[in-house]
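Tertiary structure, described
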Amino acid sequence: MVRRGDADEETSVALYNDWRSADLPPEERAMLAYAEKLTFHPAATTADDLQRLREVGFTDEQITDIVMLTGYRAMLNRLHDGLGLTLDDHVERSGQAFVDRFPGAAG
């Protein structure tokens, strides 16, 4: 987000640490809630979850994008963990102080 210019560093850190406390529009809250559920409890997702996304304005194409990007991120995490990669590249790019702001992300 920071590199793309979508958000400043403080906002990115706040979203990572606790997106529920951030001042977000309803559609973003719905998207993040769904992505979180899909990430941690994929078998528990239902047609009602998809309908909630539609109710806040997402099209079926956008919902497909949300699902695909959530799955892609999960796949990258599994590759990262499975290969025993570390955060060294992130530290090199962004600096240790930035990486340290994301508790639980160290690997």
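With that settled, the discussion passes to the overall build of the chain. Per the secondary structure count, the chain includes 6 helices and 0 strands. Its helices and strands taken in sequence order, the chain reads α-α-α-α-α-α from the N to the C terminus. In the chain, which comprises 107 residues, the proportion classed as buried is 20%. Within the chain, counting contacts between residues at least 6 apart in sequence, those at least 24 apart form 40% of the total. Of the accessible surface of the chain, which amounts to about 7,800 Å², a share of 56% is contributed by carbon and sulfur atoms.

Glancing now at a nonpolar patch on the surface. On the surface, Tyr-72, Met-75, Leu-76, Leu-79, Leu-83 and Leu-85 cluster together to form a nonpolar patch covering roughly 580 Å² of accessible area. Note on Leu-85: relative accessible area 45%, which makes it partly exposed.

When you line up the elements, Thr-70 lands in helix H4 (residues 60-82). Exposure remark for Thr-70: the relative accessible area of 12% places this residue in the buried category. Setting aside anything within four residues of it in sequence, one finds Thr-70 in contact with Ala-35, Leu-38 and Thr-39.

Here we take up the packing of helix H2 (residues 26-40) against H4. The interhelical angle for the contact between H2 and H4, taken along N-to-C directions, is 45°, at an axis separation of 10 Å. Classified by the angle between their axes, H2 and H4 sit oblique to one another. Between H2 and H4 lies a crossing whose hand is right-handed. Taking contact as the criterion, the partners of Met-31, Tyr-34, Ala-35, Leu-38 and Thr-39 in H2 are, on H4, Ile-66, Val-67 and Thr-70. Within the contact of H2 with H4, the residues separate by chemical class into 6 nonpolar, 2 polar and no charged.

Rules used in this analysis
- Residues numbered from 1 in each chain as written.
- Predicted model: local features only at pLDDT ≥ 70, side-chain atom pairs only at ≥ 80, totals over all residues.
- Heavy atoms only, no water.
- Helix = DSSP H or I, 4+ residues; strand = E, 2+ residues; numbered from the N terminus.
- Buried < 20%, exposed > 50% of the residue type's maximum accessible area, 1.4 Å probe, protein only.
- Contact = heavy atoms within 4.5 Å.
- Areas by Shrake-Rupley, 256 points an atom, 1.4 Å probe, with all protein chains shown as cover.
- Patch = residues over 30% accessible without salt bridge, like charges linked within 9 Å, V, L, I, M, F, W, Y side chains within 5 Å.
- Salt bridge = Lys/Arg side-chain N within 4 Å of Asp/Glu carboxyl O.
- Axes fitted to C-alpha atoms, helices over the stretch in contact; angles between N-to-C directions.
- Parallel < 35°, antiparallel > 145°, perpendicular 65-115°, else oblique.
- Left-handed = near helix turned anticlockwise from the far one by under 90°.
- Nonpolar A, V, L, I, M, F, W, Y, C, P; charged D, E, K, R; others polar.

These values are about where atoms sit, not about what they do.
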